[in-house]
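As a plain string of letters, each chain reads:
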Amino acid sequence: MTRMPQTLVPVTTLQLQRLRLEAFKRFRQPLEIDGLQPGLNLFAAPNESGKSTIAEAIRVAFLERYRSSWAECLRPWDQGSASPSVTLDFRVGDQQYRLAKSFLGSKKRCDLVIDGKALDGTDAEDHLADLLGYRYAKKGASGADDMGVPGLLWIQQGTSHQLADPVVHAGDYLRGALGQSMGELAASQGDAVLQQVKQARDALMHAGHGAPKGDYAAALKAVEQCAAEVQRLADDEATYRQEVDLLGQLQAAQDQDAAARPWEAVAAKLALAREALAQAQGLAARKADADQQLQQAQAQVKSTRAALDAYTQAEQAVATRQAALARAQARVEQIQASLAGWAPRREQAVQDEQAARERLAQVRLVADRVSKTEAAARSAAAVDAAQEQLARARDAQTQLADLQAQAAAVQVGAPALRQLRETERAWRDAQARLDAAATTLEFDLAPGLALMLDGEPVEGQAVHHLTGRRQLALPGMGSVDIVPGGADLDTLAAERARQADALAAQLQALGAASLAEVEDRAHQHSQLAGQVQARQELLQTYAPRGLVALEAQLASAQAQRRVAEQKLAELAPLPADLPLLPDLAQAERAADAARDVLTQTNDGWQQARQDLSAAQADEATARREFDAAQARVQAPEWTRARAEAQVAVADAKALEGAAQGRVDELARQLQAANLPLLQLDVERLARSVQQLQDGHAERGRRLTALAARLEVAGGLGLEEALAEARQAQQEAQRRADDLGRRARALDHLLALLQARRAALAQRLRAPLQKHLNHYLGILFPGARVEVGDDLAPTELVRAGAHGLESGAYDDLSVGAREQMGVLARLAYADLLREAGRPTLVILDDALVHSDDGRLEQMKRVLFDAAQRHQILLFTCHPQAWGDLGVPVRPLY
Amino acid sequence: MLTFLHTADWQIGRVFSQFDEEDGAALAAARLDTVRRLAELAARERVDAVLVAGDVFDAQGVRDKTVDRLFLAMAAFPGPWLLLPGNHDAALVESVWTRAHRRGVIPPQVTACLSPGPVTLPGKAVVLPAPLVQRHTYSDLTTWFDAADTAPQLPRIGLAHGSVQGLLAEGIDASNPIAADRVARARLDYLALGDWHGTRQVNDRCWYAGTPETDRFRDNDSGQALLVTIDGPGALPRVRAERTGAYRWVSQEHTLAGPTDIGAALAALESLDRHDVAQVRFTGLADLAGHRQLAQARDGLAARVRGLLWDADALRVQPTDDDIAALQADGYVGEVLQQLREQQADGGDDRAPARDALLALAAILQDLGPLGAATGLAASAKGAA
């Protein structure tokens, strides 16, 4: 990186005075431009006349190493061995400079004379680079990023709108100038420091949220891990400690038990309780015996009382049986009375039924005769009807046959009629054609005169068609033979004759004289056919199934009439004294009713007879039972046995009372002893003894197990391990604290540095902004431009149609960017000048995209800038720049 | 005549977590070396017994290996050794002692006094031990000494661990109390005490031996053992303190105001060597040069001494104008430097980070040097371009 010189010669202006080229590109012959003025110098020439070559020569003289082989392209194309050379005379402040530079070949060299003091070669070049603010490429031609201030202020053709890159490349020098003007406020190594602080800080904290990272995060994690380990060991150790305490407590309790043996006192109480229980249980056994005796006594009382009851019951049974016998006798008598009433009712019913049956028979006989008489009459009527229908049908049949015969007589076949009509038409046609072709003789004879044609007279007016030779006899004058002309007259005559024959033959076949006659016969047939149809329909109504069916029907009816008449004749004669009879249905109902009454009466009578025999059997049984009961109580030993039973009952009752007394006494004693409570006491105490002993044994087992566990755990050296883990934790904590502290310090430092740097950058940009706004005020009155960190314009704020409008520099039109590019460069030049740096502005065909209005303003800008800087302006439109207040210098 | 060595508070198995691992391990190992030296001293002096008045072990839960190493370290003296459990290694139902006993690592010449009851050193003395059987007791375990019946021709020596009542400030002696008049009431010829880490005489017949190897900065007069001689029952014991500790624990505090003070502090630090465990604290203020000097001194000292606790957090950084000039912090870095100086002087929340930030910035500037980089803003602008 090129360093700014720490001390600068206080130069104010750079003024190019003379320029001489030799063997330089298109200038094979030397070209000299002298008398260049401070301020504006305007060069005008058409395209391709060498304007840009002059600008390039200035650039090459300063920016390219004289030894550079790149300079090959500077040679005129046809002078392969020439040494292109440039000589420049210029003043920088008070000092006079002459720079003579030759490229290529043996003559290549660089001489610089400053107020008579000579420098040459690389020293001379380096001096100029420091003076103007650029650097040389390490190798080959200068790149854009080497060109520094000249790269910015010397605008090549068509590049004036490109600003960002040249500004960046000149950035170091511009900042140096800014720093100079601000009294060297910029830190000489501030950004290196800032960078280092940022790296160191970012190694420990995340850039955005400041969370720990890297070593710091790792250290915190290590602390956590150590803390977890400490916690684990501390827990283990606490457990161990508690278990040791527990072991001590258990051991003390166990020792105390072993000495005091508390279960023995309880065992003594248990023995006493068991004794009391045994006594109470003896009492209970005695009461059980007494209970049993009481039960036996009670059973005895029950059985003796049952024996006595049997005697009493037998005596009661005699009376019971006697009453039953009386009831059976009464029932027999009752049924016998009822049976006597049934006999007359049964006799009456038999007679009534007989009478009803006989009347029904008479009614049926009469009804049969009436029915058969009617049947005979119906069959006779049927025979009459059948005979009449047959007669009508035969009539219709006869008429139909007659009509059919008539129709057949006049029938002409439809094809024959059609053919006849055609033949007749053909004959007429043939006649017509013959008439047309024939020779016509029209006669108009005076009345009374007659001529003879083929022998037939012709009179008056007449017309004759001649189809053959004719002879007209002229009375008195002989005759005239007339022969008709025409070749086919004969043919036509033959055709007519053929058709006439055919017609005659067909008429003959049909038996008719003319076509009209045939047509008439066809009409007659059509009418007769209609009548035949009507007759057939009539016959169909009389005999749908034909005449034979009607004849069969008549025969059947006649046969039925004969059967009916025979049946009527076979009937027996009616009795003479026939009473007034009811109709058949009534007689039948009466007969049914009489039969029902008879059946019911029979049933009642039968039932009464059965009831009687059952009641008589019951009576016999009741008598036998009564006799047996009476026999038992009247036996001789009955009274003695009954008395003995009474004595036995009294004895048993006395025994029962004694047993009950014993049971009551024992029950009272048992209640006082409270047997269940005694049993619970024994149970409780026995369990207590067991529990005390079990508890002792269990504690012994726990002691053994716990001691064994503690023996193992003790060997782990938990407390020592815990102390060591705590040491590791503290060590990790110390490291984390150190890193945290460092991170906070760096964070703090970085924030301060960044804040200060931002404030400084803002202050540094202010002078540049001032110069920019100065020129901008000429081009866009009231406009303002913002400058970015890289010192390039970023945003333009100016008055628009709707108040202030702001837009990014890069979004401006090419024309506006071109104007802004020139403006900004002039501002940079002002800035450099204020910092005591020499400035030279070269515009090669700049502002070609500007309209006339803008160009006018830019002229004012340029003229203003030319008060402070030398400006070389090359153009191919001299007329556009005529009003710059300086003469236009042609190149030739 | 009876001669014995009275010592206490060995605290074997102690871990020194405030130091780094290496120093901590060395300090732990040093305590075993000290026991070795005690055994050699006892052998050299041909004492009749060594009485250790409690806290032989730092904890119940020390490793078996640590226990084994202790008993090995005692080999140089053939005994008898009488070891008393203290509050750190109380004779609980399960303890470091029962473990050692169960593992059979207690050598025959060592008697662990796990229960109260006279121990007779035949023809020499009767020792009345008062072992702690809980971690903390609030009754005087030496009470039984009063009624203990011993052979009249032998001196009665008490062995106990705890706080003699009335000796220490009110409220501190709450646990493991020992009656101030126990010697008289129990007719003791000597009462050998432990628990207090510095050597301390309670009366003519009662001493705290102190720990034989110093283990903290605040204890006075530690790192010794007592050689006790008693001519016979009733005779006043003659007590001589013997140096046994390997390390001095030194605490220094320096308040700095200017370059002279730094010189003095450096000289004081210079006096510390490999036998020292050091705690150094700085307050006041120092310029950048002073800070650099102190940082160098710290590195040297840490290498030299056995353990170092260095606390310079309270020491403010106050760069002098010369410091600033030497750093060549111009431009905005110079402004930041100035701002940090002011933040330090103001105090407030930013003070600590400002101090550290100032030192970090100074270090970076020194590393870069006056010719280390090019023009400030240009550096990053080029980088960005």
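Residues numbered from 1 in each chain as written. Chains lettered and ligands numbered in written order. Predicted model: local features only at pLDDT ≥ 70, side-chain atom pairs only at ≥ 80, totals over all residues. Heavy atoms only, no water.

Peer 1: How should the overall build of chain A be read in this particular structure?
Peer 2: A count of helices and strands for chain A gives 18 helices and 20 strands. Buried positions account for 38% of the 892 residues belonging to chain A. In chain A, of all internal contacts separated by at least 6 residues, the share reaching a separation of at least 24 is 71%. When the accessible surface of chain A is totalled, it reaches about 49000 Å², and 52% of it is carbon and sulfur. (Helix = DSSP H or I, 4+ residues; strand = E, 2+ residues; numbered from the N terminus. Buried < 20%, exposed > 50% of the residue type's maximum accessible area, 1.4 Å probe, protein only. Contact = heavy atoms within 4.5 Å. Areas by Shrake-Rupley, 256 points an atom, 1.4 Å probe, with all protein chains shown as cover.)

Peer 1: Would you explain the interface of chain B and chain A in this entry?
Peer 2: A common way to report how large an interface is uses the accessible area buried once the components associate. On the chain A side, the residues contacting the 59 residues of chain B number 55 residues. In total, chain B and chain A occlude about 5100 Å² of area from one another, counting both sides; carbon and sulfur atoms represent 57% of this. Taken together, the links from chain B to chain A amount to 20 residue pairs in polar contact (both at pLDDT 80 or more). Of all elements in the fold, only α1 (21-45), α2 (64-73), α3 (96-103), α9 (331-346), α10 (351-368) and α11 (376-384) of chain B reach the threshold of two or more residues within the side of chain B that touches chain A. When residues in the side of chain B that touches chain A are grouped by element, the largest group, 10 residues, is from α10 of chain B. Class assignment of the residues belonging to the side of chain B that touches chain A gives a composition of 28 nonpolar, 16 polar and 15 charged. (Buried area = accessible area lost by both parts, 1.4 Å probe. Polar contact = N/O pair within 3.5 Å; in protein donor to acceptor, adjacent residues only side chain to side chain. Nonpolar A, V, L, I, M, F, W, Y, C, P; charged D, E, K, R; others polar.)

Peer 1: I would appreciate a short explanation of the sheet that holds strand β17 (residues 803-808) of chain A in the present structure.
Peer 2: Pairing between the strands of a sheet comes from backbone hydrogen bonds, and it takes one of two forms, parallel or antiparallel. Residue and element names in this part refer to chain A. Read from one edge of the open sheet, 3 strands run β15-β16-β17, paired in antiparallel fashion. Looking at strand neighbours, the two that pair on one side only are β15 (784-787) and β17, the edges of this open sheet. Direction aside, neighbouring strands of the sheet carry axes that sit 20° apart on average. Sheet topology note: the strand β16 (residues 793-800)/β17 ladder contains 6 bridges and is antiparallel. Considered in β17, the bridge of Arg-798 is made with Glu-805. Running over the sheet, helix α16 (residues 718-779) touches β15 and β16 and is turned about 150° from β15. (Pairing = 2+ DSSP bridges. Axes fitted to C-alpha atoms, helices over the stretch in contact; angles between N-to-C directions.)

Peer 1: Looking at this structure, I do not really get the sheet that holds strand β7 (residues 117-120) of chain A. What am I missing?
Peer 2: Residue and element names in this part refer to chain A. Pairing is antiparallel across the open sheet formed by 6 strands, whose spatial order is β2-β1-β4-β5-β6-β7. Both outer strands of the open sheet, β2 (31-33) and β7, are each paired with one neighbouring strand and no more. Ignoring which end each strand starts from, the neighbouring axes of this sheet average 15° apart. Here strand β5 (residues 95-102) pairs with strand β6 (residues 109-114) via 6 bridges, running antiparallel. The partner of Ser-102 across the bridge, within β6, is Arg-109.

Peer 1: When you look at the pairing of β6 of chain A in this model, what are you seeing that I'm missing?
Peer 2: The side chains of a regular strand alternate, first on one face of the sheet and then on the other. Residue and element names in this part refer to chain A. Of the two faces of β6, only one is covered, namely that formed by Cys-110, Leu-112 and Ile-114; the face formed by Arg-109, Asp-111 and Val-113 stays uncovered. The turn joining β5 and β6, which pair antiparallel and follow one another in sequence, is formed by 6 residues; a positive phi near 70° is taken by Leu-104. Between the antiparallel neighbours β6 and β7 lie 2 residues, among them Asp-115 with a positive phi of about 50°.

Peer 1: Help me understand the packing of helix α8 (residues 263-409) of chain A against helix α11 (residues 515-542) of chain A, please; the structure alone is not making it clear to me.
Peer 2: To characterise two packed helices, one gives the angle between the axes of the helices and the distance between these axes. Residue and element names in this part refer to chain A. Running from amino to carboxyl end, α8 crosses α11 at an angle of 165°, the nearest separation of the two axes being 9 Å. As far as their axial angle goes, α11 and α8 are roughly antiparallel. In this structure, the crossing between α8 and α11 has a hand that is left-handed. On α11, the residues that touch Gln-389, Arg-392, Ala-393, Ala-396, Gln-397, Gln-399, Leu-400, Leu-403, Gln-404, Gln-406 and Ala-407 of α8 are His-525, Leu-528, Gln-531, Val-532, Arg-535, Gln-536, Leu-538, Leu-539 and Tyr-542. Residues belonging to the contact of α8 with α11 are distributed by class as follows: 10 nonpolar, 8 polar and 2 charged. (Parallel < 35°, antiparallel > 145°, perpendicular 65-115°, else oblique. Left-handed = near helix turned anticlockwise from the far one by under 90°.)

Peer 1: How should the environment of Gln-630 of chain A be read in this particular structure?
Peer 2: Positionally, Gln-630 of chain A belongs in helix α13 (residues 584-633). For the pair Gln-630 of chain A and Arg-321 of chain A, spaced 309 residues apart in sequence, the C-alpha to C-alpha distance is 8.9 Å.

Peer 1: I would appreciate a short explanation of the pairing of strand β19 (residues 870-875) of chain A in the present structure.
Peer 2: All names here are of chain A. The element β19 is largely enclosed, with a buried count of 6 among its 6 residues. The sheet contact formed by strand β3 (residues 40-44) and β19 spans 5 bridges and is parallel. Bridging from a neighbouring strand, Ala-44 pairs with Thr-875 of β19. Where strand β18 (residues 840-844) and β19 come together, 5 bridges link them in parallel fashion. Each bridged residue has a counterpart across the sheet, and for Leu-840 the counterpart in β19 is Gln-870.

Peer 1: Would you mind going over unusual backbone geometry with me for this structure?
Peer 2: Negative phi is the rule for most residues except glycine; trans is the rule for most peptide bonds. Residues and elements named next belong to chain B. Its identity as a non-glycine residue notwithstanding, Gln-11 has a phi of 55°, on the positive side. Looking at the element boundaries, Gln-11 is found in the loop between β1 (2-7) and α1. Phi angles above zero are rare outside glycine, and Arg-187 is one such case at about 55°. Its place among the elements puts Arg-187 in the loop between α5 (182-185) and β10 (190-194).

Peer 1: Sorry, what's going on with the packing of helix α9 (residues 414-437) of chain A against α11 of chain A here?
Peer 2: Residues and elements named next belong to chain A. Contact geometry of α9 with α11 gives a least axis separation of 11 Å together with a crossing angle of 155°. The angle between the axes of α9 and α11 places the two elements in the roughly antiparallel class. As α9 runs across α11, the sense of the crossing is left-handed. Between α9 and α11, the contacting residues are Leu-417, Leu-420, Arg-421 and Glu-424 on the first element and Leu-515, Val-518, Glu-519 and Ala-522 on the second. Its residues assigned to classes, the contact of α9 with α11 shows 5 nonpolar, no polar and 3 charged.

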